[in-house]
Amino acid sequence: GFGARLNKFFAQFRTVDEDFFDDLEELLIESDVGYETAEQLTTALRDEAKLQKAKSRDDLKKVIVEKLVELYDQNGDAANEKLRSHDDGKTNIYLFVGVNGAGKTTTIGKLAKRFKDEGKSVLLAAADTFRAGAVEQLVEWGKRVDVPVVTGKEQADPASVVFDATTKAIAEHADYLLVDTAGRLQNKKNLMSELEKIERTIKKQAPDEPTETLLVLDGSTGQNALLQAKDFDKTTKLTGLVLTKLDGSSKGGVVLAIRNEMKLPVKLVGLGEKASDLADFDAADYAVGLFHDLV
Amino acid sequence: MAFENLSERIQKALRNLTGKGKISEEDINTASREIRLALLEADVNFKVVKDFIKKIKKEALGKEVQESLNPGQQVIKIVNDELTKMMGESAATLNKSKHIPTIIMMVGLQGTGKTTTVGKLAKRLIDKDKARPLLIAGDIYRPAAIDQLEQIGEQLNVPVYSEHDEKNVAKIVENGLKQADDNKNDYVIIDTAGRLEIDEPLMEELEQVKKVAQPDNILLVVDAMTGQAATDVAKGFDSRLDITGVILTKLDGDTRGGAALSIRAVTGKPIIYTGQGEKLSDLEQFHPDRMASRILGMGDMLTLIEKA
Ligand SMILES: Nc1nc2c(ncn2[C@@H]2O[C@H](COP(=O)(O)OP(=O)(O)OP(=O)(O)O)[C@@H](O)[C@H]2O)c(=O)[nH]1
Ligand SMILES: Nc1nc2c(ncn2[C@@H]2O[C@H](COP(=O)(O)OP(=O)(O)OP(=O)(O)O)[C@@H](O)[C@H]2O)c(=O)[nH]1
Ligand SMILES: [Mg+2]
Ligand SMILES: [Mg+2]
C-alpha cells in the first residue's frame with residue numbers, strides 16, 4: 001500500500017534535499033494522483049516544508065499530512081461534504097451512476113443496510129434492465145438487508161422502472177429511494193442520454209430530486225476517472241463520488257485530481273464486499289490512511 | 001484534460017532542431033520528458049515508464065535520422081517500434097489441449113469482466129470452431145453471479161454447470177469437469193469470483209481450482225482503465241497461478257489503456273483478446289501495434305511515419 005511505500009521512501013533520506021521531493025512526486029504518481037496534480041502537490045509541500053523549516057522526517061510527515069488535508073478542504077464546499085438528506089417527509093432519491101463494474105449495485109446494498117439500521121424506510125429501484133443477472137443481483141441485496149426492490153420486465157425501459165419506483169416511494173412515504181442504473185462508459189452517447197431520461201423521469205414526479213447523484217468510481221481506476229467525472233457530471237449533475245474497492249492495492253489517488261479540478265467531494269468509500277463494508281469519507285482519515293505508518 | 005498528441009509534443013520540444021544528422025543526447029533528453037509524461041497520462045506504471053525511457057535512450061542515441069523524417073519523427077518512430085515490440089510481436093492464441101476438453105479458467109479483480117468474457121469466449125469458440133463448450137459457475141460469493149452466468153448460457157444455448165449449495169469451489173469444478181467428460185464437451189470455461197490479489201484465502205481457493213482442473217489456459221481479466229496498481233495486481237495473480245495470458249476489457253471506452261504495457265512488462269504474458277463492449281460478440285484479437293499507438297495517443301501521424 002501507499003503507507004508502506006512512503007515509509008520505505010522516508011527511510012532512504014536523512015536530509016531533506018531535492019531528491020526527496022522528486023521521490024515524493026513519484027510516490028504520488030504511483031497512487032494515481034496524476035502527473036499534474038502530483039507536481040502541484042509536491043510544489044505546495046516543498047513550499048510548506050520550507051516555510052515551517054521542517055528538517056527531520058517527523059516534521060515532514062506532519063507537514064505533508066496537514067497540507068494534504070488543507071488542500072483537500074480548500075478545494076471544496078464545506079456544506080456539501082456529507083451525504084445530504086431532508087427530513088420533510090418527502091422521499092430522498094439517490095441516483096447511482098458510473099462505468100461498468102465500478103460497484104454501483106453493491107454500494108446500494110450497503111447503503112440500504114445503513115439507512116435500514118437507522119430505522120429509515122428504504123426502497124430500491126432495479127433500473128439496470130440490461131446486464132445479465134443485474135436485477136437478480138439487486139433483488140438478492142434487497143433480501144439480505146430486508147428492503148423491497150421495484151423491478152420491471154427484462155429488457156424493459158429503465159426509465160419506466162424508475163417511474164414506477166418513484167411513484168411507489170412517494171405513495172408510501174419512503175424515506176429513501178436508491179436507484180441502481182446499468183454501468184455505461186462515458187463515451188457512449190446513447191447510453192448517456194438514457195441516463196438523462198432517467199433523471200427527467202424522477203424530476204417529473206419529484207422536481208427537487210435527486211437529492212444525491214453519486215458517481216461510483218473503482219478505486220483502482222487511473223486517469224480515465226477524470227474523464228468519467230466530467231462526462232457524467234455533464235449528463236446528470238453530480239453531487240459527489242463513491243470510491244470503491246479501497247481494500248485493494250490502490251488508494252484512489254485520482255480523486256485528488258478530480259477534487260482539484262471539479263471540487264467534487266467523495267462522500268462514501270467501499271472497503272469490501274460485505275454489507276457493512278461502507279464508510280463515510282473523511283479527508284483527515286484519508287490522508288492519515290495514506291501515510292498511516294508515519295503519524 | 002485534453003491530451004496533447006505525443007508526436008505534437010515531441011515535435012514542439014525538438015522544434016529548434018533543424019539539422020538532420022544524428023540524434024544527440026540532448027535531443028533525447030528533451031524528448032524523453034514528453035514521452036514520460038505521455039506514458040504516465042496513459043496510466044503506464046511509473047517503474048515501467050522509467051525502464052522504457054532507458055531503453056529508448058539507448059536505442060536512439062547516435063542513430064542516423066532517416067532522409068524522409070525530421071529528428072522528432074525519428075524519435076517517435078523509435079518509441080513506437082519499441083512499444084509495439086514490447087506489446088508482443090505476433091497475435092497470441094489460446095493453448096489447446098491434445099485431448100478434449102481444453103480447459104480455460106478466468107481470474108481477476110472484482111468487476112473486471114470475467115463472467116461476461118466467459119460468455120464472449122464461448123461464443124467465439126462456437127462461431128469459429130463449432131465448439132461445444134461447458135461453462136462452470138465457480139463464483140459462489142457475488143449475489144446472483146450464478147444467475148448471471150446461467151442467463152449468458154441461455155443466450156448462447158450453452159450448458160452451465162452450477163451447484164447452489166456447495167461451498168467448496170474446487171469440488172464444484174471437479175463435478176463440472178465430470179459432466180464435461182460424460183457429455184464430451186470440447187471446451188470448459190470456468191468462471192471464478194472476483195478477488196483482490198492480496199486476499200489470502202481466496203487466492204488459495206484459486207490454487208485449489210487450478211490443481212483439480214489443470215487448466216490449459218489461465219486468463220487474467222484486466223480492466224483497461226486500471227491505473228498504477230496494474231503491475232501489483234498482475235504480479236500478484238501471476239506469481240500465485242502462473243497465468244498463461246491476459247484479456248483486456250472495456251477498451252471500447254476512451255481510456256488510453258497503459259495498463260496493457262504495465263502488465264506485459266511485469267509478467268511477460270501475452271494479451272490475447274480485448275473486450276470491446278458489453279455484447280457477447282464484442283471480443284477481438286489483440287493487436288500490439290494498435291495498442292501501442294493508443295497508449296501513445298497517436299493516430300494518423302503514425303501511419304505517416306510507418307510508411308517512411
Ligand atoms: N473488494 C471490494 N469489492 C467490491 C467493492 N464494491 C464492489 N465490489 C465488487 O465489485 C464487483 C462489481 O460490483 P457491482 O456492484 O456489481 O458493480 P456495478 O457498478 O453495479 O456493475 P455493473 O452494474 O455491471 O456496471 C462485485 O464483485 C462486488 O462485490 C469494494 O468496496 N471492495
Ligand atoms: N463496455 C464494456 N463493458 C464490459 C466489457 N466487459 C465486461 N463489461 C461490463 O463490465 C461489468 C462487469 O462485468 P462482469 O462480467 O460482471 O465482471 P466480473 O469480473 O465477472 O465481476 P465479478 O464477478 O463481480 O468480479 C458488466 O457491466 C459488464 O457488462 C467490455 O469489454 N466493455
Ligand atoms: Mg450493477
Ligand atoms: Mg463475475
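Just so you know, these numbers come straight off a predicted model, no measurement behind them. (Residues numbered from 1 in each chain as written. Chains lettered and ligands numbered in written order. Predicted model: local features only at pLDDT ≥ 70, side-chain atom pairs only at ≥ 80, totals over all residues. Heavy atoms only, no water.)

Draft legend 1. A look at the site of ligand 1. For ligand 1, the set of nearby residues contains 22 residues, the closest of which are Lys104(A), Thr105(A), Thr106(A), Arg131(A) and Glu273(A). The site occupied by ligand 1 is bordered by residues of chains A and B. The backbone of Lys245(A) places a nitrogen or oxygen atom 3.0 Å from an oxygen atom of ligand 1. Gln110(B) places a polar side-chain atom, nitrogen or oxygen, 3.4 Å from a nitrogen atom of ligand 1. In the complex, 96% of the free accessible area of ligand 1, which totals 650 Å², lies under the protein chains. Ranked by residue count, the leading element in the shell around ligand 1 is helix α5 (residues 104-117) of chain A, at four residues. (Near = heavy atom within 4 Å. Polar contact = N/O pair within 3.5 Å; in protein donor to acceptor, adjacent residues only side chain to side chain. Areas by Shrake-Rupley, 256 points an atom, 1.4 Å probe, with all protein chains shown as cover. Helix = DSSP H or I, 4+ residues; strand = E, 2+ residues; numbered from the N terminus.)

Draft legend 2. Spotlight on unusual backbone geometry. In this structure, Pro210(A) follows Glu209(A) across a cis peptide bond, with omega equal to -5°. Within the secondary structure, Pro210(A) sits in the loop between α8 (189-205) and β5 (212-218). With an omega of -5°, the peptide bond between Ile100(B) and Pro101(B) qualifies as cis. Its place among the elements puts Pro101(B) in the loop between α4 (71-86) and β1 (102-107). Positioned with a positive phi, Lys263(A) is a non-glycine residue whose angle comes to about 65°. Relative to the elements of secondary structure, Lys263(A) occurs in the loop between α10 (254-262) and β7 (266-270). Assessed through its relative accessible area of 43%, Lys263(A) is described here as partly exposed. One non-glycine residue, Lys250(B), adopts positive backbone phi at about 65°. (Buried < 20%, exposed > 50% of the residue type's maximum accessible area, 1.4 Å probe, protein only.)

Draft legend 3. Structural detail: the sheet that holds strand β3 (residues 160-161) of chain B. Residue and element names in this part refer to chain B. Ordered by their spatial adjacency, eight strands build an open sheet running β3-β2-β4-β1-β5-β6-β7-β8, and the pairing between neighbours is mixed. Each edge of the open sheet is held by one strand with a lone partner, namely β3 and β8 (283-285). Each of β1, β4 (187-192) and β5 (217-223) touches helix α8 (residues 200-213); the most contacted strand, β1, lies at about 175° to it. (Pairing = 2+ DSSP bridges. Contact = heavy atoms within 4.5 Å. Axes fitted to C-alpha atoms, helices over the stretch in contact; angles between N-to-C directions.)

Draft legend 4. Region of interest: the packing of aromatic side chains. Residue and element names in this part refer to chain A. Scanning the entire structure with this criterion turns up four aromatic pairs over all chains. Note on Tyr94 and Phe115: the rings are 5.9 Å apart at their centroids and 75° apart in plane angle, and the pair reads as edge-to-face. Separated by 21 residues along the polypeptide, Tyr94 in strand β1 (residues 92-97) and Phe115 in helix α5 bring together distant segments of the chain. When its relative accessible area of 4% is taken as the criterion, Phe115 is described as buried. Among the aromatic side chains, those forming a connected cluster through ring pairs are Tyr94, Phe115 and Tyr176. Cation over ring: Arg144 sits above Trp141, and NZ or CZ is 4.8 Å from the ring centre. Taking the ring centre of Tyr72 as reference, the NZ or CZ of Arg259 above it sits at 3.8 Å. (Phe/Tyr/Trp six-rings, centres within 6.5 Å; stacked < 30°, edge-to-face > 60°. Lys NZ or Arg CZ within 6 Å of the ring centre and 35° of its normal.)

Draft legend 5. Examining the site of ligand 2 more closely. Around ligand 2, a shell composed of 23 residues is seen, among which Gly113(B), Lys114(B), Thr115(B), Thr116(B) and Arg142(B) lie nearest. Positioned at a junction of chains, ligand 2 has nearby residues supplied by chains A and B. At 3.3 Å, a backbone N or O of Gly194(B) approaches an oxygen atom of ligand 2. The side chain of Glu278(B) places a nitrogen or oxygen atom 2.9 Å from an oxygen atom of ligand 2. Within the complex, the protein chains bury 97% of what would otherwise be the 650 Å² of accessible surface of ligand 2. If you tally residues by element for the shell around ligand 2, the top one is helix α5 (residues 114-129) of chain B, at four residues. For the shell around ligand 2, the residue count by class is two nonpolar, 13 polar and eight charged. (Nonpolar A, V, L, I, M, F, W, Y, C, P; charged D, E, K, R; others polar.)

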